[in-house]
Amino acid sequence: MATPHISAAPGDFADVVLMPGDPLRARYISERFLEEARGVTSVRNMYGFTGTYRGRRLSVMGHGMGVPSISIYATELIKTYGARVLIRVGSCGALRQDVKLRDVIVATAAGTDSKVNRMRLMDHDFPAAADFTLARRAVEAAERRGRPVRAGSVFTSDLFYHPQEGLNATLARLGILAIEMEVAGLYGVAAELNARALALLTVSDHLLSGEHLTPQERQTSFDEMIELALDVAVAEPPPPPVAG
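Because the structure is predicted, anything quoted here is derived from the model rather than measured. (Residues numbered from 1 in each chain as written. Predicted model: local features only at pLDDT ≥ 70, side-chain atom pairs only at ≥ 80, totals over all residues. Heavy atoms only, no water.)

A.B. asks: Help me understand the overall build of the protein chain in this model?
C.D. replies: The helix and strand tally for the protein chain stands at seven helices and nine strands. What you see for the protein chain is a C-alpha radius of gyration of 17 Å, in line with the 18 Å of a compact globule of 244 residues. With respect to the principal axes defined by its C-alpha atoms, the protein chain has extents near 55 × 45 × 30 Å. Taking all 244 residues of the protein chain together, the buried fraction comes to 51%. Carbon and sulfur atoms make up 54% of the accessible area of the protein chain, which amounts to about 11,600 Å² in all. Positive and negative side-chain charges of the protein chain, numbering 26 and 28 respectively, have mean locations separated by a distance of 3 Å. (Helix = DSSP H or I, 4+ residues; strand = E, 2+ residues; numbered from the N terminus. Rg over C-alpha atoms; globule rule 2.2 N^0.38 Å. Buried < 20%, exposed > 50% of the residue type's maximum accessible area, 1.4 Å probe, protein only. Areas by Shrake-Rupley, 256 points an atom, 1.4 Å probe, with all protein chains shown as cover. Lys, Arg positive; Asp, Glu negative; His and termini not counted. Charge placed at Lys NZ, Arg CZ, Asp CG, Glu CD.)

Shown next as structure tokens:
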């Protein structure tokens, strides 16, 4: 049945879902990479599609901007549509000199200034971490493709324009690779609902140098990241057939 934010029918989504923030990028992924893709939802112009890749049934669904938005879509995909693996494919801003434009980050963990995960753990710190198997697959897939990646922690901010001027420098000093706006929320939802999640992030902006990718560079770099995510997805064993 439909949810308040997704109009798909039961069975329309695969058990593995790639999740870009931009709904138009969800459409692009479906057209560029999936075979026999069809649209399954478009509520509020947040598009979702299902098709196949290398014979494996997969879905792609936009999640919007920020922890509240990705939390809504991740929750409904898991609870109503049976998604078991969610892979965020997005962008981030580098915080350190040794992280470069176009680097792909395998986000193994995420700190945050959001309260959502403290609410899950009675106001204590919550370890928002990626699924280890998914993260390892991503690193191994990158090695096979000859595309180095950075594996490490990121920071999920509720604020794009942050008022704490010293925050970025402190994050960099603590080894945080980049800043973005959704990963900690996704990992919290997955933990709460017994699903598995991973985030792959392309560095599109550098917060120290002010450098940023051109639209063409973003397209090429994001394709490389999406191919890694698809490698991770197709390695996931398909769900057992439903007894009938």
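A.B. asks: I tried to follow the pairing of strand E5 (residues 85–94) on my own but got confused; where do I start?
C.D. replies: The side chains of a regular strand alternate between the sheet's two faces. Counting buried residues in E5 gives nine out of 10 residues, a clear majority hidden from the surface. With four bridges joining them, strand E1 (residues 16–19) and E5 adopt parallel strand pairing. What sits directly across from Val16, in E5, is Val85. Where E5 and strand E9 (residues 196–206) come together, 10 bridges link them in parallel fashion. Bridging from a neighbouring strand, Ile87 pairs with Leu198 of E9. Examined bridge by bridge, E5 and strand E8 (residues 178–180) share two bridges and lie antiparallel to one another. Across the sheet, Ala94 pairs through a bridge with Ala178, a residue of E8. (Pairing = 2+ DSSP bridges.)

A.B. asks: Looking at this model, I keep getting lost on the pairing of strand E2 (residues 35–41). Mind explaining?
C.D. replies: Here E2 runs beside strand E3 (residues 48–53); their pairing, made up of four bridges, is antiparallel. Residue pairing in the sheet places Arg38 in a bridge with Thr50 of E3. Hairpin connection of E2 to E3: six residues between the antiparallel strands, including Arg44 at a positive phi of 55°.

A.B. asks: Teacher, can you tell me more about the packing of helix H2 (residues 67–79) against helix H6 (residues 183–192) here?
C.D. replies: Helix-helix packing is characterised by the crossing angle of the two axes and by the distance between the axes. Running from N to C, H2 and H6 point in directions that differ by 30°, and their axes come no closer than 8 Å. Comparing their axes, H6 and H2 come out roughly parallel. The element H2 and its partner H6 pack so that their crossing is right-handed. Only Gly185, Leu186 and Val189 of H6 make contact with H2, whose side of the interface consists of Val67, Ile70, Ser71, Ala74, Thr75 and Ile78. Its residues placed into classes, the contact of H2 with H6 shows six nonpolar, three polar and no charged. (Axes fitted to C-alpha atoms, helices over the stretch in contact; angles between N-to-C directions. Parallel < 35°, antiparallel > 145°, perpendicular 65-115°, else oblique. Left-handed = near helix turned anticlockwise from the far one by under 90°. Contact = heavy atoms within 4.5 Å. Nonpolar A, V, L, I, M, F, W, Y, C, P; charged D, E, K, R; others polar.)

A.B. asks: Sorry if this is basic, but what is going on with the nonpolar core here?
C.D. replies: Soluble globular proteins: nonpolar side chains tend toward being buried together. Phe13, Leu77, Leu86, Ile87, Ile105, Tyr187 and Leu198 are the most contacted members of the largest nonpolar core, which has 69 residues in total. It is helix H7 (residues 215–234) that contributes the most residues to this core, eight residues altogether. Residues within four places of Ile105 in sequence aside, it is in contact with Cys92, Val99, Arg150, Val154, Leu177, Ala178, Ala199, Leu200, Leu201 and Val203. Counting seven residues, the second largest nonpolar core, distinct from the first, contains Leu95, Phe155, Leu167 and Ile179. (Core = buried A, V, L, I, M, F, W, Y, C linked by side-chain atoms within 4.5 Å.)

A.B. asks: I would appreciate a short explanation of the environment of Leu200 in the present structure.
C.D. replies: Examined against the element boundaries, Leu200 turns out to sit in strand E9. Ignoring any residue separated from it by four or fewer positions in sequence, one finds Leu200 in contact with Arg88, Val89, Gly90, Ile105, Val106, Ala138, Met225, Leu228 and Ala229.

A.B. asks: Could you clarify how one ought to interpret the side chain of Ser59 in this entry?
C.D. replies: Tracing the backbone through its elements, the reader meets Ser59 in strand E4 (residues 56–61). Residue Ser59 is classed as buried on the basis of its relative accessible area, which comes to 2%. Within the structure, the side chain of Ser59 is placed 2.8 Å from the backbone nitrogen of Ala14, a separation counted as a polar contact. A polar contact of 2.6 Å, which involves the side chain of Ser59, links it to the side chain of Thr50. Contacts of Ser59, omitting those with residues within four sequence positions, involve Asp12, Phe13, Ala14, Val16, Val17, Leu18, Phe49 and Thr50. (Polar contact = N/O pair within 3.5 Å; in protein donor to acceptor, adjacent residues only side chain to side chain.)

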